[in-house]
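The residues making up each chain are set out below.
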Amino acid sequence: MKVIISPDSYKGTLSAVEVAKSMQRGILDADQSIETMILPVADGGEGTLQSLITSTEGQYFSVNVLDPLGRAIQAQYGVLGDQETCVIEMAQASGIMLLQDNEKNPNLATSYGTGQLIKAALDQGFRKFIIGIGGSATNDAGIGMLKALGVRLLATDGSELENGVLNLEKLATIDIRQMDARLADATFTIACDVDNPLIGERGATAIFGPQKGVKKHQIVHFDNCLKHFADIVEKQFSIRLHDYKGAGAAGGMGGALIAFLKGTFHAGIEIVLGAVKLQGHLADAQLVITGEGKSDLQTLHGKAPLGVAKAAKQANVEAILLSGGIDVKAKGTLQKYFSVVESLVDQEVTVQQAMQEPAHFIRLKIKKIIECYIQKGDD
Ligand SMILES: Nc1ncnc2c1ncn2[C@@H]1O[C@H](COP(=O)(O)OP(=O)(O)O)[C@@H](O)[C@H]1O
Ligand SMILES: O=C(O)[C@H](O)COP(=O)(O)O
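Quantities reported herein were computed from a predicted structural model and do not represent experimental measurements.

**Regarding the site of ligand 1**
Okay, step 1: Taken together, 13 residues surround ligand 1, and among them Lys-11, Thr-13, Gly-293, Lys-303 and Ala-354 come closest.
Okay, step 2: The fraction of the free accessible surface of ligand 1 (580 Å²) that becomes covered by protein chains is 76%.
Okay, step 3: If you map ligand 1 onto the pockets, it falls in the largest pocket.
Okay, step 4: For the shell around ligand 1, the per-class residue count stands at 5 nonpolar, 4 polar and 4 charged.

**Regarding the state of the cysteines**
Okay, step 1: Applying the stated criterion across every chain yields a total of 0 disulfides.
Okay, step 2: Here Cys-192 is not disulfide-linked; the sulfur of Cys-86 is the nearest cysteine sulfur, at 18 Å.

**So, the site of ligand 2**
Okay, step 1: If you check the shell around ligand 2, you find Lys-11, Gly-134, Gly-135, Ser-136, Val-194, Phe-208, Gln-211, Lys-212, Ala-249, Ala-250, Gly-251 and Lys-303 and nothing else.
Okay, step 2: Taking Lys-212, its side chain carries an N or O atom lying 2.6 Å from an oxygen atom of ligand 2.
Okay, step 3: In this structure, an oxygen atom belonging to ligand 2 sits 2.7 Å away from a main-chain N or O atom of Ala-250.
Okay, step 4: When ligand 2 is considered free in solution it has 310 Å² of accessible area, and contact with the protein chains removes 93% of it.
Okay, step 5: Of all the cavities here, the one that holds ligand 2 is the largest pocket.

**What about the packing of helix H2 (residues 48–55) against helix H9 (residues 268–276)?**
Okay, step 1: Two numbers describe how H2 lies on H9: the axes approach to 8 Å, and their chain directions differ by 25°. Viewed along their axes, H2 and H9 adopt a mutual orientation that is roughly parallel. Crossing of H2 against H9: the hand is left-handed. Residue-level contacts link Thr-48, Ser-51, Leu-52 and Ser-55 of H2 to Ile-271, Val-272, Ala-275 and Val-276 of H9.
Okay, step 2: Each residue belonging to the contact of H2 with H9 can be placed in one class, and the counts come to 5 nonpolar, 3 polar and no charged.

**What about the domain arrangement of the protein?**
Okay, step 1: Under the domain assignment used here, the protein contains domain 1 (2–41 + 277–378) and domain 2 (48–268).
Okay, step 2: For domain 1 versus domain 2, the separation of C-alpha centres amounts to 31 Å.
Okay, step 3: In this complex, domain 1 contributes 9 residues to the contact, which on the side of domain 2 involves 6 residues.
Okay, step 4: Taken over both partners, the interface formed by domain 1 and domain 2 buries close to 560 Å², and the fraction arising from carbon and sulfur atoms is 51%.

**Notes on the pattern of salt bridges**
Okay, step 1: Applying the stated criterion to the full structure yields 19 salt bridges.
Okay, step 2: Among the salt bridges present, the one from Arg-182 reaches Asp-123, with a minimum N-O distance of 2.8 Å. One end of the pair, Arg-182, is in the loop between strand E8 (171–175) and strand E9 (187–192); the other, Asp-123, is in helix H4 (residues 112–123), and 59 residues separate them in sequence.
Okay, step 3: Given a relative accessible area of 24%, Arg-182 falls into the partly exposed group.
Okay, step 4: Residue classification places Asp-123 among the exposed positions, given a relative accessible area of 51%.
Okay, step 5: Asp-193 is the partner of Lys-303 in a salt bridge, and the nearest nitrogen-oxygen pair spans 3.0 Å. Taken together, the residues span a long stretch of sequence, with Lys-303 in the loop between strand E12 (294–295) and helix H11 (304–314) and Asp-193 in the loop between E9 and helix H6 (204–208) at a distance of 110 residues. Here Lys-303 matches Asp-193 in class, with each residue buried.
Okay, step 6: Ionic contacts of the salt-bridge type, sharing partners, join the residues Arg-152, Glu-160, Asp-175 and Arg-177 into one network.

**A closer look at the sheet that holds strand E5 (residues 85–89)**
Okay, step 1: Judged by pairing direction, the sheet is mixed, and its 6 strands sit side by side in the order E3-E4-E5-E6-E9-E10 without closing on themselves. Sheet topology places strand E3 (59–66) and strand E10 (264–267) at the edges, where each strand pairs with a single neighbour. In this sheet, neighbouring strand axes are inclined to one another by 30° on average, regardless of whether the strands run parallel or antiparallel.
Okay, step 2: Where E3 and strand E4 (residues 72–79) come together, 8 bridges link them in antiparallel fashion. Within E4, the residue paired with Ser-62 across the bridge is Gln-76.
Okay, step 3: Helix-sheet contacts for H2 involve E3, E4, E5 and strand E6 (128–132), and the interaxial angle to E5 is about 155°.

**Points about the side chain of Asp-67**
Okay, step 1: If you trace the backbone, Asp-67 turns up in the loop between E3 and E4.
Okay, step 2: Every residue in contact with Asp-67, bar those within four places of it in the chain, is listed here: Ile-73, Ala-93 and Thr-110.

**Focus on the packing of helix H1 (residues 16–30) against helix H14 (residues 358–378)**
Okay, step 1: For the pair H1 and H14, the least separation of the axes is 7 Å and the interaxial angle reads 40°. One way to sum up the angle between H1 and H14 is to call them oblique. At the point where H1 passes H14, the crossing takes the right-handed sense. Packed against H1, whose contacting residues are Val-19, Ser-22, Met-23, Arg-25, Gly-26, Ile-27, Asp-29 and Ala-30, the element H14 presents Ala-359, Ile-362, Arg-363, Ile-366, Lys-367, Ile-370 and Glu-371 at the interface.
Okay, step 2: For the contact of H1 with H14, the residue count by class is 8 nonpolar, 2 polar and 5 charged.

Rules of the game
- Residues numbered from 1 in each chain as written.
- Chains lettered and ligands numbered in written order.
- Predicted model: local features only at pLDDT ≥ 70, side-chain atom pairs only at ≥ 80, totals over all residues.
- Heavy atoms only, no water.
- Near = heavy atom within 4 Å.
- Areas by Shrake-Rupley, 256 points an atom, 1.4 Å probe, with all protein chains shown as cover.
- 1 Å grid on protein atoms, 1.4 Å probe; cavity = no way out; pocket = protein on both sides within 12 Å on 5 of 7 lines; lining within 4 Å.
- Sits in = over half its atoms within 2 Å of the grid points.
- Nonpolar A, V, L, I, M, F, W, Y, C, P; charged D, E, K, R; others polar.
- Disulfide = S-S within 2.5 Å.
- Polar contact = N/O pair within 3.5 Å; in protein donor to acceptor, adjacent residues only side chain to side chain.
- Axes fitted to C-alpha atoms, helices over the stretch in contact; angles between N-to-C directions.
- Helix = DSSP H or I, 4+ residues; strand = E, 2+ residues; numbered from the N terminus.
- Parallel < 35°, antiparallel > 145°, perpendicular 65-115°, else oblique.
- Left-handed = near helix turned anticlockwise from the far one by under 90°.
- Contact = heavy atoms within 4.5 Å.
- Domains from an automatic or database assignment.
- Buried area = accessible area lost by both parts, 1.4 Å probe.
- Salt bridge = Lys/Arg side-chain N within 4 Å of Asp/Glu carboxyl O.
- Buried < 20%, exposed > 50% of the residue type's maximum accessible area, 1.4 Å probe, protein only.
- Pairing = 2+ DSSP bridges.

Right under this line is the structure:
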């Protein structure tokens, strides 16, 4: 029997590779003779770079960049095995995982470091980009990235705006005359797992702002600043980001990429599944196991496990979901895609325990799931 192990990360506790290894141990605990194959996946956020570079035998490059709060860090980008396609993962330079909880700062958190990664890749001669956006610490409409690439945000008196999303309300003109000229020859495929507009009640701030530190009473203020930015973009460049699907991804990074870097959106999970060649590997497999930190209604809108389930269905392979937590509201629908829908958290395991010892509980749960699967086959 061959089992493919294709989880996303359990954000905040384990990377996709670590989840996959724990699942593999559980499978082998149940039956040593099972053939396993580890193909970790991601949907644009953290882990996208590793998944794409590992699966295509690509190469990593390290760059000194500024983290969301302007501190010097080393971040990586990569080139796929084709030696041509460059992968930028926003979470590497501007990710929420780079901040402690008490450091979250939606006004100052900047995507500047992601712009630095792009610039470094342009310096290396790359022009064909996949940019994974998601898992970001920022709500800056991508202005940090734009600044790093030479775009200037000016107030009415011609002075450059000070850092800070809330300063966007003073924006009068966007000056692109000094934007990196090499971008004109570059293409950007945006790997993303959300289709939120830039502003409004489904916009970047209202939906993803709170996880980045935006307090409830600040949502309207931040949203208005992003709206003003979108108004100026529309006035100057005739591109309307306000309700553009995906413009609100990664704190508005989606919008900046569409308007200024001529990016095009693709489902992150589809890009990753293509690169890891999941469909081909499923051809002689009996089972595929996937999972993520928390499966909820958002999972049904293009998150990694759903992509894996759809690929499995096409190949007529049974799919199993083991996530850290499962939202009860989504369980019924998830069961249409997966033969088993399980979470680490249950009547015996609390959230705290599952978060503290995720590898241990994944191993235990998978062992049980596989034992049941084998038993079912024997009956
Ligand atoms: N080991 C774990 N056990 C239970 N819940 C977890 C575990 N790891 C992560 N989570 C939950 O999953 C959430 C992250 O969900 P995830 O699906 O990984 O990312 P996202 O929804 O941002 O794509 C965390 O905030 C946490 O609540
Ligand atoms: O704001 C972001 O970074 C993403 O668009 C949504 O966040 P998530 O990928 O962490 O869910």
